[in-house]
Amino acid sequence: MTPEVIESHGVRLRPFRPEDAADVTVGCADPLTQRFLTGLPTPYTESDARRWITEDAPAAWAAGGAAYAVADPATDRLLGTVGLSHANAYRRQAEIGYWVTPAARGRGVAVAATRALSGYALSAGTIRLELLTHEENTASQRVALAAGFRYEGVRRSASSSRGGDRHDLLAWVRVAGDPPGPTARRLPDLPDGRLTDGVVTLRRLAPEDADLMYQLHSRPEVVANQAPPVPPERAAVERRCRVSESGWLVGGIARMLILDAATGAPAGSCGLSVSDPHAGEGTVGYALLPQWRGRGYASRAVRLVAGWAFGPAGLARLAAGTVPDNVASHRVLERVGFRREGLLRGRLPGPAGTRTDDLVFGLLPEELR
């Protein structure tokens, strides 16, 4: 049984009241809420809000879950909602969800409400709580991490859109005995959002970089050094840019744009993927636009990535794989301190069903130049 009121972490969780209808309408009619919370009527009206307060919220309680209004303890004004659904008493698990009114965003309300309700539920006998997010909803992913949830994997086709299409959801989980948060991240944010040596600057790849990334990774010489050597589809590049931040948050890959520090002009891209988290190994990759080649920009970018990987990211080893005849890439790596470690025959998919060798380089922290 959940209590009627929970006051914790600076928020009050209480039952909904008729006077909450106007604030519920504002919150649920907001475009961001509509985008990521499936099943909401469009347009969302005050009559929908009253139905939620008098019918849907009580039904959530009757089903063994919870539907709390998140209120400011000082004014009791509605800030959002948090609740439990899909409760399974036998497995002692449930799913937690929330939304926050536009005016209350950026104040830590979602984190506070999630910590308050999950903390109570886990202390009262629930063993496992799930929080599901869209890949592009990185604000919600940051809430999950801040509230002590850990990334567990992808729920394929777990959500439906208004058009009937199915979408994957990311599963974040907190179990009894886990610390309340925040969860340590494998790939932390860049300090001040960037890395720079005064000549080149690196920042996280963003959705607006899709045109540049498609142009860069469609170039024949760049495609030839990819595995497999097939030009990318435009939609795949756009999606890669849209979910770049999520890649950092789940701890899989840090994709970055290389900029000329003096002008801010884009010069290329680079990235660090966590290839073996248990061994503390990452893999680096990079590509430059033709007009920026031959200036040492690739070496500078890799050096910055390596310093960040061995420092804030806490990796113990870096690897890089290249096709054997890509001499320019070999020189980039060697200038940074990478050493040739071996040739893996037929490791990579090549053109027309063939296989390609992979020349592997490795770098340890003390070898970084």
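No experiment lies behind these values; they were computed from the predicted model shown.

So, how was this worked out
Counting restarts for each chain: residues are numbered from 1 in the order of the written sequence. Reporting in this predicted model follows two pLDDT cut-offs: at least 70 for local features of residues, and 80 or more for side-chain atom pairs to be given and counted; totals over whole chains, interfaces and linings ignore these cut-offs and use all residues. Side-chain numbers come from the whole structure's heavy atoms, not from hydrogens or water. A run of DSSP states H or I qualifies as a helix once it reaches four residues; a run of E qualifies as a strand once it reaches two. Both are numbered from the N-terminal end. Burial here depends on accessible area, computed with a 1.4 Å probe over protein chains only, as a share of the maximum for the residue type. Under 20% is buried, over 50% is exposed, and the range in between is partly exposed. By definition, residues are in contact when any of their heavy atoms lie within 4.5 Å. What makes two strands pair is DSSP finding at least two bridges between them. Note on geometry: axes are C-alpha line fits, over the in-contact stretch for helices, and angles between N-to-C directions span 0 to 180 degrees. In these notes, a set of buried Ala, Val, Leu, Ile, Met, Phe, Trp, Tyr and Cys residues joined through side-chain atoms within 4.5 Å is what counts as a nonpolar core.

Q: Even after reading the chapter, I still don't get the overall build of the protein chain, so can you show me in this structure?
A: Of regular secondary structure, the protein chain possesses 11 helices and 16 strands. C-alpha atoms of the protein chain, sized along the principal axes, occupy 70 × 45 × 40 Å. The buried share among the 369 residues of the protein chain stands at 46%. Expressed as a percentage of contacts within the protein chain between residues at least 6 apart in sequence, the contacts between residues at least 24 apart total 60%.

Q: Looking at this structure, how should I read the sheet that holds strand β5 (residues 93–100)?
A: Two pairing modes exist for strands in a sheet, parallel and antiparallel, and in both the strands are linked by backbone hydrogen bonds. Read across the sheet, 8 strands follow the order β1-β2-β3-β4-β5-β6-β8-β7 without closing on themselves; strand pairing throughout is mixed. Lying at the two open borders of the sheet, with one neighbouring strand each, are β1 (6–8) and β7 (150–160). Shown here is a sheet whose adjacent strand axes are inclined to one another by a mean of 30 degrees, direction ignored. In the sheet, β1 pairs with strand β2 (residues 11–14) via 3 bridges, with the strands oriented antiparallel. Looking at the pairing, Ser8 lines up with Val11 of β2.

Q: Please clarify how the nonpolar core should be interpreted in this entry.
A: Note that soluble globular proteins tend to have their nonpolar side chains buried in a common cluster. Counting residues in each nonpolar core, the largest one holds 48 residues, and the members touching the most others are Leu202, Met256, Ile258, Leu272, Trp308, Leu318 and Phe338. Among the elements that line this core, the one with the most residues is helix α10 (residues 297–310), at 10 residues. The contact partners of Leu272, leaving out residues within four places of it in the chain, are Leu187, Gly252, Ile253, Ala254, Gly282, Thr283, Val284, Val305, Trp308, Ala309, Leu315 and Leu318. Counting 33 residues, the second-largest nonpolar core is a separate cluster that includes Ile6, Leu13, Ala66 and Val250.

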